[in-house]
Amino acid sequence: MEGWLKATVHTALAASDFFTGSAIDELLAATRIERPRDKAHGHYALNVSPWARQLKKAPPLIAEALADALRSTVGMEALFSVATVAGFVNVTLKPIVFTRALQQMLSTPDLGKNTAMAHEAMLLEYVSANPTGPLHIGHGRWAALGDSLVRILRHCGATVTPEFYVNDAGSQMQKIAISLWLRTREPLIEAGKLPDVPLAMEYPYPGAYVTDLARGYLAQASDADVQALLGIWQQLPNTGPLAEDNTYGLQASHLAWITQHVQPFAHQTLMVEQQQLLASLDVNFEAWFSEKEMLYDRGAVEVMLQRLKTTGFAYEQDGALWLKSEALGDEKDRVLVKSGGQKTYLAADIAYHDQKYLRQDDNGQPQYNRIVNIWGADHHGYIARLRAAMVALGHLTDNADPKFEIVLGQLVNLVIDGERERMGKRRKMLTLADVVDDVGADAVRFWMVKQSADTALDFDVDLAKSANNDNPVFYVQYAHARCASIVRNALHPPQTSDTPTPPWITEDALAALTANPTEALLAPLFADDDDTANAEIAELLVLLDRLEPTVIYAAQTRSPHGVARYVQEVAAQFHKVYNACRILGEDTARTHARLALVLAVQRTLAQGLALLGVSAPNSM
RNA sequence: GCCUCAGUAGCUCAGCUGGAUAGAGCAUCCGCCUUCUAAGCGGACGGUCGCAGGUUCGAAUCCUGCCUGGGGUACCA
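Since this is a predicted model, take the numbers as computed values, not measurements.

### A word on the confidence of the model for chain A
Reasoning step 1: Averaged over every residue, the pLDDT of chain A is 91; the share at 70 or more is 96%.
Reasoning step 2: At the low end of the mean pLDDT range in chain A sits strand 14 (residues 419-421), at 71; at the high end sits strand 5 (residues 121-125), at 98.
Reasoning step 3: Low pLDDT, under 50, characterises residues 423-427; the stretch is placed with six contacts to residues that sit more than four places away or in other chains.

Structure follows, in structure tokens:
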């Protein structure tokens, strides 16, 4: 309806003497077709005040001229009426326009689908956790945000590759392997293979999950592996705390054995755990990019460093290799290779992003025109240095180049029993898996995207779990289930009394309604004598019509919360209509038309929820 | 100090691509089930849009400064 109205206004402007000589497209771009705040003003409003400057006329005069132009549009009496208030032109649509809009919706296979972002070829990276432990609640926000964004962008025609960067290189992987090894002690004692003598130890990764990991390792280990493990334990000097360095007093050969035999198990097991959890949230990655395999094993970091040196963007000082990032917008230069010879995390990150830009499609062209990362606000300081590196490598023109984009999300606070728990590393952690088990995937996904990523999110476990009207997820799902229930009842009315109740509609008639919703079928939608119900139905259709612009805006601003808000509005308006009038009534023609409306609502809600990765149940 | 996000109703948040009397949910109070799911609907109550300037015909929205709170400011990963 919005699109149609805009086109109508365009035609009217072009045909009007008053606007002759003015740039109509510019005028239309300067204002938007919006919803009047006060419903008494009609269904749509056009504010012409922004045109005053260009036209050098007073807004009320312009509004009157536009209203006149619209009034002289051929056939308008049957479609809408206009009125002016100050600089506003208010438009009230006639029922036929709503009926046609409904007809349009029922004939559209993918509601809200559009091509607004068809030019985008985007690589979207998010979550990207180390495979050193379970995902925590904060990861859940990036997972929900990222996956919803992927769905929304694709609905707008964009090509998107969602990718997970697996940080599986570096000392933290050695730490987890050693932690696993340390945790084999108890099971080995239980099995009588090790003497139970006191041993002062500290665990680099203290979580209880490491114990499970150790038991899992032993369960699948060969006899030779177990013998080797016992060998390490027996030669260990029992000399007190072992956590000071990364070697834990282990002989080099033992350390090497652990790295070779234990680390792959830890890595693999934890990564698969993360993958399964994400899958249970219906968060779908196309690619899992391994830091170790893709960057280190293939020498990509080394090659990238050479390029920086050659181009003069990297220099040696104090025995370290530095990136000249200060000259490129960062607050200072950054270390790429430490004086000890180890490459920094930043070096790998740069190599990874370099690699993102170097990827090519089948025609040898750059595969992506936009690289987007979703990061937590705690990584904010990384933006400037990574941007600087991308400029240095020639991928960006300057540090404001929109080809590289970081979506920053504020952090998540877990609220348990009404108290905030900061997600600090030392505190007791509730894992994402625990929360999903507790409140369900739908609630987690909806809560994580229901508000702007710019605001810190309090995730209240008790509230998310509550199956009542405190919980917006259930509110929306309930509306969808209600739609499904009405259609079910229409086909197969519940038989409660002795006299059988005939169906409100046959399977065939319902099929006809969806396959070929003619104007004649839909025309009886509005009642002759119920203005309240009619107004609510019209309002509902205006809202359903807004799915597409809502999705486009959410895609452009990378804000899925707009869609979350939208589905709540649709649900609310549907509940209003449900209470204002009967869907299944005595008038068969009206019943059928209103069933069509219910189908449109159901499909809109299902589509909106699908864009958020939330299920749309048919009964609750 | 610097960078960054936020500050809107008692609480949690929309609105911020400048436009009509600033919205929703929760909470509190009052109503609505003999008929399609009451996990619902209606009504009432509730606001100096952090403060002060500026730009503009017009500012919650843009700019500047200040205040308060979160995050960041490593040859850590």
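### Quick notes on the protein's contact with RNA strand B
Reasoning step 1: In the vicinity of RNA strand B, 61 residues are found, and the nearest of them are Gln172, Tyr382, Asp454, Tyr478 and Arg482.
Reasoning step 2: At 2.9 Å from a base oxygen of RNA strand B is found a main-chain nitrogen or oxygen belonging to Ser339.
Reasoning step 3: If you list the elements that add at least two residues to the surface near RNA strand B, you get strand 2 (44-47), strand 4 (88-93), helix 7 (171-183), strand 9 (320-323), helix 20 (472-491) and helix 25 (561-580).
Reasoning step 4: Broken down by element, the residue count for the surface near RNA strand B peaks at eight residues, all from helix 20.
Reasoning step 5: Looking at the surface near RNA strand B residue by residue, the classes come out as 24 nonpolar, 22 polar and 15 charged.

### Let's talk about the packing of aromatic side chains
Reasoning step 1: In this structure the tally under the stated criterion is 15 aromatic pairs.
Reasoning step 2: Aromatic pair Trp4 and Phe80: ring centres 6.0 Å apart, planes at 75°, arrangement edge-to-face. Placement of the pair is Trp4 in helix 1 (residues 2-15) and Phe80 in strand 3 (residues 80-85), with a sequence separation of 76 residues.
Reasoning step 3: For Phe80, a relative accessible area of 2% puts it in the buried group.

### Overview of the sheet that holds strand 1 (residues 33-34)
Reasoning step 1: Spatial strand order, 1-2-4-3: four strands in an open sheet with antiparallel pairing. Each edge of the open sheet carries a strand with a single partner, namely strand 1 and strand 3.
Reasoning step 2: Looking at chain direction, strand 2 and strand 4 are connected through four bridges and run antiparallel. Its bridge partner being in strand 4, Asn47 is matched across the sheet by Phe88.

### What about empty space enclosed by the protein?
Reasoning step 1: Under the criterion given, the structure shown has one cavity of 30 Å³ or more.
Reasoning step 2: In this structure, the largest cavity spans a volume of roughly 40 Å³.
Reasoning step 3: As for the largest cavity, its lining consists of Leu5, Val9, Ile33, Tyr44, Ala45, Leu46, Leu70, Val89 and Val91.
Reasoning step 4: If you list the elements that add at least two residues to the lining of the largest cavity, you get helix 1, strand 2 and strand 4.
Reasoning step 5: Looking at the lining of the largest cavity, the element that brings in the most residues is strand 2, giving three residues.

Calculation notes
Residues numbered from 1 in each chain as written. Chains lettered and ligands numbered in written order. Predicted model: local features only at pLDDT ≥ 70, side-chain atom pairs only at ≥ 80, totals over all residues. Heavy atoms only, no water. pLDDT = per-residue confidence, 0-100. Helix = DSSP H or I, 4+ residues; strand = E, 2+ residues; numbered from the N terminus. Contact = heavy atoms within 4.5 Å. Near = heavy atom within 4 Å. Polar contact = N/O pair within 3.5 Å; in protein donor to acceptor, adjacent residues only side chain to side chain. Nonpolar A, V, L, I, M, F, W, Y, C, P; charged D, E, K, R; others polar. Phe/Tyr/Trp six-rings, centres within 6.5 Å; stacked < 30°, edge-to-face > 60°. Buried < 20%, exposed > 50% of the residue type's maximum accessible area, 1.4 Å probe, protein only. Pairing = 2+ DSSP bridges. 1 Å grid on protein atoms, 1.4 Å probe; cavity = no way out; pocket = protein on both sides within 12 Å on 5 of 7 lines; lining within 4 Å. Points joined across faces, edges and corners; volume = space filled by probe spheres on them.

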